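Spelled out, the chains give:
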Amino acid sequence: MGRFVSLAALASIFLSCCFLASCGHTTATNIITNPVPTSVSLTNSSMVGLNVSLEVGKTLSFTATAKGARNNTINETFSFLSSNPTVVTIAGNGVACAGTWDSLTNPQVCVPGTVGTAQLAATAQGVSSPPITVYVHARITNIAVSKVPGQAPTLSNTCLSKGAPLGPESGLYQATAMSGSTDITPSVGPFIWQQVNPTGGSSIVNLTSTPPTTTALNQAIVSASIPGQGMIFASASGLTSQTVPVQTCPVQSISVTAANNPSTSLLMNTGTTTTLNATVMDSVGMTLTGVPLSWNTSNPISATVSPNNASTVYGSVGTVSASAVGAASVIASCTPPTCNTGFKPSLPIYPTSPISFDVSSSTAPTSPTAYVTTTACVTANPTKATCNATIVPLTKSSNTSTFVAGTPVGLPASPNSIIFDERGTNAYLGVDSSHFGQNGAMVFSGSAASQFNSAFGKVLAVSPDTSTVIFSDTFDTPNQVFICNSCSAASRTITSLLITGATAAAFSPDNLKAYIVATPPPPAPQVSTLYIYSKVDALQKISLNAAANDVVFAEEGGFSYLAGGAPSSITVRRTCDNAPDPSATLSTAAIPNMIRALPDATTLLALEPPNIDLVSITALSAAGCSGTITDSANTVNLGQGTFIPTQFIISGDGATAYILGETQPSGSARLPFIMVFNIGNHTTSAISLTGNAIPLSASLSPASNLLFVGADDGAVHIIDTSSGSDLQQVTFPAQTPLCFGPGNPPTAVPKTVVAISAVSQNGSNTTYSYVVNSGPPLAVGETIVIAGMKDGGNDGTYTILSLGPATFAVTNNSGVTTTSAQNGSGTVSITCNPDLVAVKP
């Protein structure tokens, strides 16, 4: 360190050099008419403080800047000086040579000099910059980073705790530079220290490359910052060391409590707020503050949560705002890559229990908007008929008015499914097949639908943050699953996965993972595979021991429940490491068809007709990534015998379940009623529709006071859930069709077209002889439109009563027997029933 020159001494030398040509060297100066600068600086991007490292014979460019009285930059002509020209010379253009330049005015060749130090400065009108010390050293062949030995012990040998009693723990690291087998560290001077953090993660540690308690320029202080694991490295003169892992002790547990309220189940009125405090402990048992936790709500329509991760008292603070009637669970989690970042595999941590909210209001709920479409065009014969599907809004102008069908919005393709995101911003519609790139999934904003052809199949799930959508194509070969990120944006990215038979998916409450259940179609063995998609980990594939039909995450986020996965069971897995929790497996009479989580955060419902299982979570042990869950099941017979459920809807307050289904085997007749299960009382009832219409699809309003049911009579029935009464039936006439054919005005879409050759009248019945021109065979009960007959009494719209050899009979009192050649036709149109209904959240 003896080669350093004090600022005062250097300033004296520089002033003397203005008069003594024998002192160092200087470039030529010009006559300056600008104001005298208040300061001059000399900089280089490789500087550490006022120090820089340079290999013998190498060059380095410096930039001089002059500032005026108002801190404005002044154009100046600078003189550059070196305190030790035998080690470093600097030319008039500001380029330094670790040796001697062949010319200071037109430097071309840098002749290597000796190892040592020199101080450089720039001057303008007698004002000098602070000196920069240049360390000139031999060529570096290797840099190694290690922890300085002999330091005081920390709470852990593997990590630094941010919550240590005396403040965040730190460690001292050193860089060693070798030139061949010679340690040249002292001559290298400053090292540049940097850290590498995982994509999307914050700085794991605070890295201070110039420790305030030491003059060793090869050392750096590493102190705890964000829970996670990262890397540090050191570099000098363009050479970089290998990375060395550093770790801030990870989050081990999270406990969420309401301010001034010990209860985990709270009542709120709309327009009010509640503060939640998250107590966070790390892996060495220290309490942390200011942790970047992720706050999430299961129902953002009823209860939103705003995070404050800068708390100096708690790990994090969340403010819950009650906005609409309903129920919600709120959790705080340590979710990579913003928390516990860098661990492979990832290490998410979830709370020991969520806080559940029941939001009420003294005012009547806002009238909902339901959207209705149809799958009818999927079955239309595309070579014989053009079928265009629409989506139609159902709205009402006031609480006292009735619902009406609004203006249809044309869809680019025929949908097979529809799911709204939890915030009601967009709905996503799937399609059966790409049809060689012509069809694709759709996003519907409420006023327009757009298509993207790079994803197709049925919509399985939308992430809670609304950004990611999962589609499953089980129609085309090979089957595929599509993960659509930023799916509502034109800049969406889509990942295709070769997964066969994916039928169910669910996202973790913090959006980190999605569990996808897939079962190959018969005759393959009916044993399922669980696929785990993660934002930070590679796709994982887990073979199960039996079929699994559905999957859901418990509201606290730390565990998932599979309807199946083992024979006649409900199985449980930890979200953190995807490992099973055998102690939580529940036996059932059969593998459940569907499973749902309730907003009370302690109950799940599994549907295994004729039974329904109520799963109660009684205890959670969340110790890092090795927690366990304690649960039990209570089975209730629904009293409807065996059936196949097609929809399983839970009311927003978690009090009631609504079930639609069909008789066995799959694809048989639909059940003619909606089953209603009172979750609290364990009782079952049924809702029948006006006119004995058969339910096809249903969706609940956000306040759970109305159930919209699409039926086979072509209408949507609006049910008052408190009384079970069928309040209104909304139909879709020609002005608001769910599907239509070509023409202006639009026409009905033909399903079957027949040519009629003869007519026989017998009493009130008319029998027509025919051949099928297009479409499937006629069926009893279908409506047929007959036109073009010689006798107008044989034209009309009728219901087919019976079928004979190449004949069909209808009731027609005006029929006329005609055996001569006929040119009439009969058309059976497809039925555009409202079998896809979705209420906007």
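Please refer to the structure higher up on the page.
Residue positions within a chain follow its written sequence, with the count starting from 1. Note on the predicted model: pLDDT of at least 70 is required for a residue's local features to be given, and 80 or more for side-chain atom pairs to be given and counted; whole-chain, interface and lining totals, by contrast, use all residues. Values shown for side chains rest on all heavy atoms present in the structure; no hydrogens or waters enter the calculation.

Novice: Sorry, what's going on with the overall build of the chain here?
Specialist: A tally of helices and strands in the chain yields 3 helices and 72 strands. Its C-alpha atoms give the chain a radius of gyration of 38 Å, clearly above 28 Å, the size a compact globule of 841 residues would have. Projected onto its principal axes, the C-alpha coordinates of the chain cover approximately 135 × 60 × 55 Å. Per-residue burial over the chain gives 51% buried out of 841 residues. For the chain, contacts bridging at least 24 residues in sequence account for 56% of all contacts bridging at least 6. Numbering of helices and strands runs from the N terminus, with a helix taken as a DSSP run of H or I at least four residues long and a strand as a DSSP run of E at least two residues long. As defined in this context, the radius of gyration uses C-alpha atoms, and a globule is described by 2.2 Å times the residue total to the power 0.38. Partly exposed describes any residue whose relative accessible area lies between the buried limit of under 20% and the exposed limit of over 50%, with all areas from a 1.4 Å probe on protein chains only and scaled to the type maximum. The contact rule is simple, with two residues in contact once any of their heavy atoms fall within 4.5 Å.

Novice: How should the nonpolar core be read in this particular structure?
Specialist: In summary, soluble globular proteins display a tendency toward joint burial of nonpolar side chains. The criterion is simple. A nonpolar core is a set of buried Ala, Val, Leu, Ile, Met, Phe, Trp, Tyr and Cys residues joined through side-chain atoms within 4.5 Å. One finds Tyr428, Phe444, Phe452, Val469 and Phe471 to be the most contacted residues of the largest nonpolar core, which totals 35 residues. A total of 4 residues in this core trace back to one element, the largest contributor, which is strand E38 (residues 441–444). Ignoring anything within four residues of it in the chain, the contact list for valine 469 reads Tyr428, Val459, Ala461, Val462, Phe482, Ile483, Cys484 and Cys487. Counting residues in each nonpolar core, the second largest holds 29 residues, with Leu266, Val305, Ala322 and Ile349 among its members.

Novice: Would you mind showing me how to read the state of the cysteines here?
Specialist: One covalent bond between the sulfur atoms of two cysteine residues makes up a disulfide. Put simply, a disulfide is two cysteine sulfurs that come within 2.5 Å. Under the criterion given, the structure shown has 7 disulfides. Between the sulfur of cysteine 159 and that of cysteine 249 lies a disulfide, 2.0 Å long from S to S. One quick way to see it: the torsion about the S-S bond of cysteine 159 and cysteine 249 is about 85 degrees, and its sign makes the bridge right-handed. You can see cysteine 159 sitting in the loop between strand E14 (142–147) and strand E15 (170–179) and its partner cysteine 249 sitting in the loop between strand E22 (244–248) and strand E23 (251–258), a full 90 residues away along the chain.

Novice: In this structure, what is going on with the pattern of salt bridges? I would like to understand it.
Specialist: Between side chains of opposite charge, pairing is possible as soon as their charged atoms come close. Whenever Lys or Arg places a side-chain nitrogen within 4 Å of a carboxyl oxygen from Asp or Glu, that contact is recorded as a salt bridge. Using the criterion set out here, one finds 4 salt bridges in the structure. Here lysine 535 ties to aspartate 465 by a salt bridge, and the two come within 3.4 Å at their closest N and O atoms. With lysine 535 in the loop between strand E46 (529–534) and strand E47 (540–543) and aspartate 465 in the loop between strand E40 (458–462) and strand E41 (468–473), the pair connects residues that are 70 residues apart, well separated along the chain. Exposure remark for lysine 535: the relative accessible area of 43% places this residue in the partly exposed category. Assessed through its relative accessible area of 23%, aspartate 465 is described here as partly exposed. For lysine 751, the salt bridge is made with glutamate 782, and the minimal N-O distance between the two is 2.9 Å. One end of the pair, lysine 751, is in strand E65 (residues 750–762); the other, glutamate 782, is in the loop between strand E66 (765–774) and strand E67 (783–787), with 31 residues separating them in the sequence. Residue classification places glutamate 782 among the buried positions, given a relative accessible area of 13%.

Novice: Can you walk me through the sheet that holds strand E1 (residues 39–43) in this structure?
Specialist: Adjacent strands of a sheet pair through backbone hydrogen bonds, lying either parallel or antiparallel. Spatially, E1-E4-E5 is the arrangement adopted by the 3 strands of the open sheet, whose pairing is antiparallel. The open sheet terminates on both sides in strands that have one partner only, identified here as E1 and strand E5 (73–74). Strands are treated as partners if at least two bridges between them are detected by DSSP. Relative to strand E4 (residues 63–67), E1 runs antiparallel, the two sharing 5 bridges. Opposite serine 41, over in E4, you have threonine 65 as the bridge partner.

Novice: Would you mind going over the environment of threonine 117 with me for this structure?
Specialist: The residue threonine 117 is located in strand E11 (residues 116–124) in this model. Taking the relative accessible area as the measure of exposure, threonine 117 reaches 13% and is therefore buried. Along the primary structure threonine 117 and leucine 696 are separated by 579 residues, whereas in three dimensions their C-alpha atoms are 85 Å apart.

Novice: Help me out: how do you make sense of the environment of serine 61 in this one?
Specialist: Here serine 61 shows up in strand E3 (residues 59–61). Between the C-alpha atoms of serine 61 and threonine 43, which are 18 residues apart in sequence, the distance is 8.8 Å. Not counting the four nearest positions on each side in its chain, serine 61 is found in contact with Thr43, Asn44, Gly94 and Val95.

Novice: Quick question: what am I supposed to make of unusual backbone geometry here?
Specialist: Most peptide bonds are trans, and most residues other than glycine sit at a negative phi. Residue proline 523 follows proline 522 across a cis peptide bond; omega there is 10 degrees. Examined against the element boundaries, proline 523 turns out to sit in the loop between strand E45 (513–518) and E46. Positive phi, close to 50 degrees, is recorded for glutamine 125, a residue that is not glycine. Of note, glutamine 125 is situated in the loop between E11 and strand E12 (127–128). The exposure class of glutamine 125 is partly exposed, given its relative accessible area of 30%. Here the phi dihedral of alanine 806 falls at roughly 60 degrees; this positive angle occurs in a residue that is not glycine. Along the chain, the position of alanine 806 falls in the loop between strand E69 (802–804) and strand E70 (807–811). On the basis of relative accessible area, alanine 806 is assigned to the partly exposed category, the value being 47%.

Novice: Looking at this structure, how should I read the sheet that holds strand E24 (residues 265–269)?
Specialist: The sheet built from 4 strands is open, its strands ordered E24-E31-E30-E27 with mixed pairing. Both edges of this open sheet fall to E24 and strand E27 (294–297), since each of them pairs with a single strand only. Averaged over all pairs of adjacent strands, the angle between strand axes in this sheet comes to 25 degrees, irrespective of strand direction. Where strand E30 (residues 326–333) and strand E31 (residues 355–360) come together, 5 bridges link them in antiparallel fashion. Looking across to E31, one finds that alanine 327 is bridged to aspartate 358. To obtain an axis, a line is fitted to C-alpha atoms, over the contacting stretch when the element is a helix, and the angle between two such axes runs from 0 to 180 degrees between their N-to-C directions.

Novice: Help me understand the pairing of strand E19 (residues 219–224) in this model?
Specialist: Consecutive side chains along a regular strand alternate between the two faces of the sheet. By the criterion of burial, E19 is predominantly enclosed, with 5 of the 6 residues buried. Here E15 pairs with E19 via 5 bridges, running antiparallel. Residue pairing in the sheet places glycine 171 in a bridge with valine 222 of E19. In terms of strand pairing, strand E18 (residues 205–208) meets E19 through 4 bridges, oriented antiparallel. Bridging across to E19, threonine 208 finds its partner in isoleucine 221.

Novice: Would you explain the packing of aromatic side chains in this entry?
Specialist: Each aromatic ring pair is characterised by the separation of its centres together with the angle its planes make. Stacked, edge-to-face and tilted are the three classes for Phe, Tyr and Trp ring pairs, Trp counted by its six-membered ring, which pair at centre distances within 6.5 Å; planes under 30 degrees apart are stacked, over 60 edge-to-face, the rest tilted. Going through the model one piece at a time under the given rule, you end up with 8 aromatic pairs. Seen from their ring centres, phenylalanine 403 and phenylalanine 708 are 5.2 Å apart, and the 90 degrees between their planes marks the pair as edge-to-face. Of the two residues, phenylalanine 403 sits in the loop between strand E33 (388–395) and strand E34 (404–405) while phenylalanine 708 sits in strand E61 (residues 706–711), which places them 305 residues apart along the sequence. Residue classification places phenylalanine 708 among the buried positions, given a relative accessible area of 0%. Seen in terms of ring centroids, tyrosine 768 and phenylalanine 808 are 5.1 Å apart; in terms of plane orientation they differ by 15 degrees. Their pairing is stacked. Taken together, the residues span a long stretch of sequence, with tyrosine 768 in strand E66 and phenylalanine 808 in strand E70 at a distance of 40 residues. Here tyrosine 768 matches phenylalanine 808 in class, with each residue buried.

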